Amino acid sequence: VYSAGGSVSFEQCIFQNNAADLGGGLFLQDAKFQVHQCAFENNSAGNGGGLFLLRGNGQFTECRFLQNQTTREFWNNGGGAAYLSFSDPNFVECQFVENQSSWDGGAIINYKSSPVFEQCHFEKNESMRNDGGAMFNYNLGDLEIPLAVLCEPKIIRCTFVQNSAGSWGGAIRNRQSNTTIENCL
């Protein structure tokens, strides 16, 4: 599903066995959204196996991201479950299990994004070749996109179990980001 602009809501939906270049299950761009009790299972994409979010704001509640994967093998590509770019969503009581990235962020990549993860569970996610088994947060500046756009994720009361990375950060890898982690296991 691709949705650009406006507002959209999904409730008790299943996004399963889909493939795309960006956001195998769901791609939201410039959108306000509510996603409640949805499952993203066995989707694949170059970036954001289950979800790709570009300049989006909203909330995911009680969603499950299971066995999604990315296929692109290049620096700062990945996000087996989700790739968040210039977005500030909230994830509440979501599960990220057995997602896999061929490069960064086994479950999540946060690029110049400031999401909030509250009471989420990350288990057995894998970044095969590089960083952030469960999550990779980065904020690299270049000539077109200055560092003024911040990456400031908040991770509150979340659990991280048996996540792995090919390089740095079995659970979380931060690169030029201001990450808050509170009461996590």
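In this report, the structure presented in the accompanying data block is examined. Treat the numbers as computed from the prediction; the structure is a model and nothing was measured.

Reading the values: the criteria
- Residues numbered from 1 in each chain as written.
- Predicted model: local features only at pLDDT ≥ 70, side-chain atom pairs only at ≥ 80, totals over all residues.
- Heavy atoms only, no water.
- Helix = DSSP H or I, 4+ residues; strand = E, 2+ residues; numbered from the N terminus.
- Rg over C-alpha atoms; globule rule 2.2 N^0.38 Å.
- Buried < 20%, exposed > 50% of the residue type's maximum accessible area, 1.4 Å probe, protein only.
- Contact = heavy atoms within 4.5 Å.
- Areas by Shrake-Rupley, 256 points an atom, 1.4 Å probe, with all protein chains shown as cover.
- Lys, Arg positive; Asp, Glu negative; His and termini not counted.
- Charge placed at Lys NZ, Arg CZ, Asp CG, Glu CD.
- Salt bridge = Lys/Arg side-chain N within 4 Å of Asp/Glu carboxyl O.
- Pairing = 2+ DSSP bridges.
- Axes fitted to C-alpha atoms, helices over the stretch in contact; angles between N-to-C directions.
- Phe/Tyr/Trp six-rings, centres within 6.5 Å; stacked < 30°, edge-to-face > 60°.
- Core = buried A, V, L, I, M, F, W, Y, C linked by side-chain atoms within 4.5 Å.

Notes on the overall build of the protein chain
Scanning the protein chain for helices and strands turns up 0 helices and 26 strands. Relative to a compact globule of 185 residues, whose C-alpha radius of gyration would be 16 Å, the protein chain shows 14 Å and is just as compact. Structurally, the protein chain occupies a C-alpha span of about 35 × 35 × 35 Å along its principal axes. Burial analysis of the protein chain (185 residues in total) assigns 52% to the buried set. Taking as baseline every contact in the protein chain between residues at least 6 positions apart, the subset at least 24 positions apart corresponds to 84%. For the protein chain, the computed accessible surface area is about 8000 Å², with 46% contributed by carbon and sulfur atoms. Between the averaged position of the 11 positive side-chain charges in the protein chain and that of its 18 negative side-chain charges there is a distance of 4 Å.

Digging into the environment of Phe-117
You can see Phe-117 is positioned in strand 18 (residues 116-118). Sequence separation between Phe-117 and Pro-89 is 28 residues; the distance between their C-alpha atoms is 8.6 Å. Setting aside chain neighbours within four positions, we find Phe-117 in contact with Leu-84, Phe-91, Phe-96, Ile-108, Asn-110, Phe-122, Met-135, Lys-154, Ile-155, Ile-156 and Cys-158.

Brief notes about the pattern of salt bridges
With the rule as written, the count across this model stands at 5 salt bridges. Close ionic contact of Arg-55 with Asp-30 constitutes a salt bridge, the shortest N to O distance being 2.6 Å. In this pair, Arg-55 sits in the loop between strand 9 (51-54) and strand 10 (57-61) while Asp-30 sits in the loop between strand 5 (26-29) and strand 6 (32-36), placing the two residues 25 residues apart along the sequence. Since its relative accessible area comes to 38%, Arg-55 is described here as partly exposed. For Arg-64, the salt bridge goes to Glu-41, with nearest N and O atoms at 2.3 Å.

A closer look at the sheet that holds strand 10
The strand order across the open sheet formed by 7 strands is 2-6-10-14-18-22-26, and the pairing between neighbours is parallel. Of all the strands in the sheet, just strand 2 (7-11) and strand 26 (180-182) have a single pairing partner and so form its edges. If you compare each strand with its neighbour and ignore which way they point, the axes differ by 5° on average. Here 5 bridges tie strand 2 to strand 6, and the two strands are oriented parallel to one another. Within the sheet, the bridge partner assigned to Phe-10 lies in strand 6 and is Val-35.

Let's talk about the packing of aromatic side chains
Scanning the model with the defined rule gives 20 aromatic pairs in all. For the ring pair Phe-96 and Phe-122, a centre distance of 4.7 Å and an interplane angle of 5° mean the geometry is stacked. Here Phe-96 is found in strand 15 (residues 95-97), whereas its partner Phe-122 is found in strand 19 (residues 121-123), with 26 residues between them in sequence. Phe-122 shares its class with Phe-96; the two are buried. Three or more aromatic residues link up through ring pairs in this structure, and these residues are Phe-10, Phe-15, Phe-33, Phe-40, Phe-60, Phe-65, Phe-91, Phe-96, Phe-117, Phe-122 and Phe-160.

Some remarks on the nonpolar core
Phe-60, Phe-65, Phe-91, Phe-96, Ile-108, Phe-117 and Phe-122 are the most contacted members of the largest nonpolar core, which has 32 residues in total. Secondary structure elements with two or more residues in this core: strand 2, strand 5, strand 6, strand 9 and strand 13 (82-85). When residues no more than four places from it in sequence are discounted, the contact partners of Phe-96 are Phe-65, Ala-81, Phe-91, Ala-107, Ile-108, Phe-117, Cys-120, His-121, Phe-122, Glu-123 and Asn-125. Membership of the second largest hydrophobic core comes to 9 residues, among which are Phe-52, Leu-54, Tyr-83 and Tyr-111.

Describing the pairing of strand 21 (residues 135-138)
Every second residue of strand 21 is oriented toward a common face, with Met-135 and Asn-137 on one face and Phe-136 and Tyr-138 on the other, all of them buried. As defined by bridge partners, strand 17 (residues 108-111) adjoins strand 21 across 4 bridges and the pair is classed as parallel. For Ile-109, the partnering residue across the bridge sits in strand 21 and is Phe-136. Where strand 21 meets strand 25 (residues 172-175), 4 bridges bridge the pair, whose relative direction is parallel. Following the sheet pairing, Met-135 is matched in strand 25 by Ile-172.

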